[in-house]
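# Working through the structure, step by step
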Amino acid sequence: MDFEAGNCPKCHEYLLLKQKTPFLVCPKCGETISAQAANAIVEKRCANAEQIDAVIAECVALEMTYGPELPYMLLSKIVNNFPNLEKPAYLMVKLSGYESGTVYEYLKHFANTKSDPNNVPWAESFLDNCLDYQTVDAADLFRSYVHNKIRKEKQSHYLDMIDQLVKEYTAKSNQPDSTKWLMMLYMISSVVNIILLPIMMMLSGWLAPIFDFYYGINIILSITVVSVEVLLVFLHHKIYGNRLNISRTERLWMVIFMSTMVFAVGSVVMGSIWKITF
């Protein structure tokens with residue numbers, strides 16, 4: 001069951017409220033309270049700019065006592081009301097265990113914002129915890145973050161870390177042969193996937209009079225072609241490694257290739273129904 005944050009109107013203890021439950025007994029003071037009233041207190045506090053620092057301090061204490069779930073809910077309300085406040089946004093990243101999605105959202109909003117390093121004392125800790133292969137696709141945002149948040153004497157250290165991660169992650173993928181072979185694979189595979197339909201139509205027309213299970217040949221053909229294409233993409237990845245940035249042309253052909261794979265599978269049905277006979 002989903003929960004939301006609340007604050008007891010009697011003893012002012014923070015609570016996790018079950019959604020769609022109108023009343024509950026406060027585990028702290030034992031009083032029966034309205035869930036709506038308890039939630040309204042939280043909403044009001046998290047929307048009051050003068051109380052933000054106090055709520056953030058309470059979140060730190062709540063994490064130590066109850067774990068990350070309740071303070072994460074409170075911080076998310078603050079961030080929704082005050083999207084330009086960096087400290088609660090960072091604390092959400094920390095409470096999430098530096099999950100890559102929340103890391104990216106934090107970087108997207110604040111990496112390009114210039115700050116006095118004394119006002120973001122968590123910046124180095126953030127980089128120490130986040131710079132890994134799971135977040136390396138945000139390398140440009142990390143570089144901006146370093147330039148805008150980190151002390152001058154430490155910037156080169158973190159920039160070198162980012163460059164080394166990118167180098168290790170991409171391995172050989174930036175070589176010209178990598179792109180050439182991948183584009184060739186996309187183009188040839190896309191053409192093959194499209195011409196599967198007329199091939200299956202001719203096979204059906206030829207085999208239907210002599211073989212009741214003629215459509216099985218189309219199924220086998222489709223599975224074989226798609227499996228070979230997936231294997232070739234896998235082998236390309238194993239040989240040339242990960243790709244960090246791709247061009248619009250490459251992205252377009254990747255989308256076309258993936259779309260024609262669906263077409264190749266769908267051709268089994270249409271190629272078995274529509275027959276070409278000679």
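Above this text is the structure in question.
The notes below deal with the structure included here. (Residues numbered from 1 in each chain as written. Predicted model: local features only at pLDDT ≥ 70, side-chain atom pairs only at ≥ 80, totals over all residues. Heavy atoms only, no water.)

### Regarding the overall build of the protein chain
- Counting its regular elements, the protein chain contains 11 helices and 4 strands.
- The C-alpha radius of gyration of the protein chain comes to 28 Å, more than 25% above the 19 Å expected for a compact globule of 278 residues.
- Judged by the C-alpha coordinates and their principal axes, the protein chain covers about 85 × 55 × 25 Å.
- Burial status across the protein chain gives 39% buried among its 278 residues.
- Taking as baseline every contact in the protein chain between residues at least 6 positions apart, the subset at least 24 positions apart corresponds to 62%. (Helix = DSSP H or I, 4+ residues; strand = E, 2+ residues; numbered from the N terminus. Rg over C-alpha atoms; globule rule 2.2 N^0.38 Å. Buried < 20%, exposed > 50% of the residue type's maximum accessible area, 1.4 Å probe, protein only. Contact = heavy atoms within 4.5 Å.)

### Overview of the nonpolar core
- One finds Tyr-106, Leu-107, Phe-126, Leu-127, Phe-142 and Tyr-145 to be the most contacted residues of the largest nonpolar core, which totals 47 residues.
- Secondary-structure elements contributing two or more residues to this core are helix H1 (35-46), helix H2 (52-66), helix H3 (69-81), helix H4 (86-95), helix H5 (100-110), helix H6 (123-130), helix H7 (139-149) and helix H8 (152-170).
- What Leu-127 contacts, discounting residues up to four positions off in sequence, is Phe-142, Tyr-145, Val-146, Ile-150 and Tyr-158.
- Within the second largest apolar cluster, 11 residues are counted, among which are Leu-182, Tyr-186, Val-226 and Val-268. (Core = buried A, V, L, I, M, F, W, Y, C linked by side-chain atoms within 4.5 Å.)

### Let's talk about the pattern of salt bridges
- Following the criterion strictly, the structure yields 9 salt bridges and no others.
- The closest approach of N and O atoms between Lys-149 and Glu-86, which form a salt bridge, is 2.9 Å. On the criterion of sequence distance, the pair formed by Lys-149 in helix H7 and Glu-86 in helix H4 is long-range, its members being 63 residues apart.
- Classification of Lys-149 as buried rests on a relative accessible area of 1%.
- Through salt bridges with shared partners, one network takes in Glu-124, Arg-151 and Glu-153. (Salt bridge = Lys/Arg side-chain N within 4 Å of Asp/Glu carboxyl O.)

### Describing the pairing of strand S1 (residues 3-7)
- Where S1 and strand S2 (residues 14-18) come together, 5 bridges link them in antiparallel fashion. Bridge pairing links Phe-3 to Lys-18 in S2.
- The hairpin turn running from S1 into S2, its antiparallel successor, is 6 residues long, and His-12 in that turn takes a positive phi close to 65°. (Pairing = 2+ DSSP bridges.)

### Focus on the packing of aromatic side chains
- One pass over the full model with this rule turns up 11 aromatic pairs.
- Taking 5.3 Å as the distance between ring centres and 10° as the angle between the ring planes, the aromatic pair formed by Tyr-90 and Trp-122 counts as stacked. Of this pair, Tyr-90 sits in helix H4 while Trp-122 sits in the loop between H5 and H6; the two residues are 32 residues apart in sequence, bridging distant segments of the chain. When sorted by exposure, Tyr-90 lands in the same class as Trp-122, which is buried.
- For the ring pair Tyr-106 and Phe-110, a centre distance of 5.5 Å and an interplane angle of 40° mean the geometry is tilted. Here Tyr-106 and its partner Phe-110 are both found in helix H5, 4 residues apart, which amounts to about one turn of the helix. The two residues Tyr-106 and Phe-110 agree in class, both being buried. (Phe/Tyr/Trp six-rings, centres within 6.5 Å; stacked < 30°, edge-to-face > 60°.)

### Describing H7
- Counting buried positions over the 11 residues of H7 gives 8, a clear majority of the element.
- The complete set of buried residues in H7 reads Ala-139, Leu-141, Phe-142, Ser-144, Tyr-145, Val-146, Asn-148 and Lys-149.
- Buried residues along H7 sit against H4, H5, H6 and H8.

### Concerning empty space enclosed by the protein
- As enumerated under the stated definition, the model contains 1 cavity of 30 Å³ or more in all.
- Taken as a whole, the largest cavity spans an internal volume of roughly 40 Å³.
- What lines the largest cavity is simply Leu-131, Asp-132, Thr-135, Val-136, Ala-139, Phe-142, Ile-162 and Leu-165.
- Secondary-structure elements contributing two or more residues to the lining of the largest cavity are H7 and H8.
- Residues belonging to the lining of the largest cavity are distributed by class as follows: 6 nonpolar, 1 polar and 1 charged. (1 Å grid on protein atoms, 1.4 Å probe; cavity = no way out; pocket = protein on both sides within 12 Å on 5 of 7 lines; lining within 4 Å. Points joined across faces, edges and corners; volume = space filled by probe spheres on them. Nonpolar A, V, L, I, M, F, W, Y, C, P; charged D, E, K, R; others polar.)

### A short note on H1
- Under the 1.5 Å per step criterion, the end-to-end length of H1 is 17 Å for 12 residues, consistent within 8% with the ideal 16 Å.
- Taken together, the buried positions of H1 are Ala-35, Ala-38, Asn-39, Val-42, Arg-45 and Cys-46. All buried residues of H1 lie within an arc of 125° about the axis, which places them on one face of the element. Among the exposed residues of H1, those pointing more than 90 degrees away from its buried face are Gln-36 and Lys-44. (Expected span 1.5 Å × (residues − 1). Arc of directions from axis to C-beta.)

Everything listed here is a matter of geometry and, on its own, says nothing about what the molecule does.
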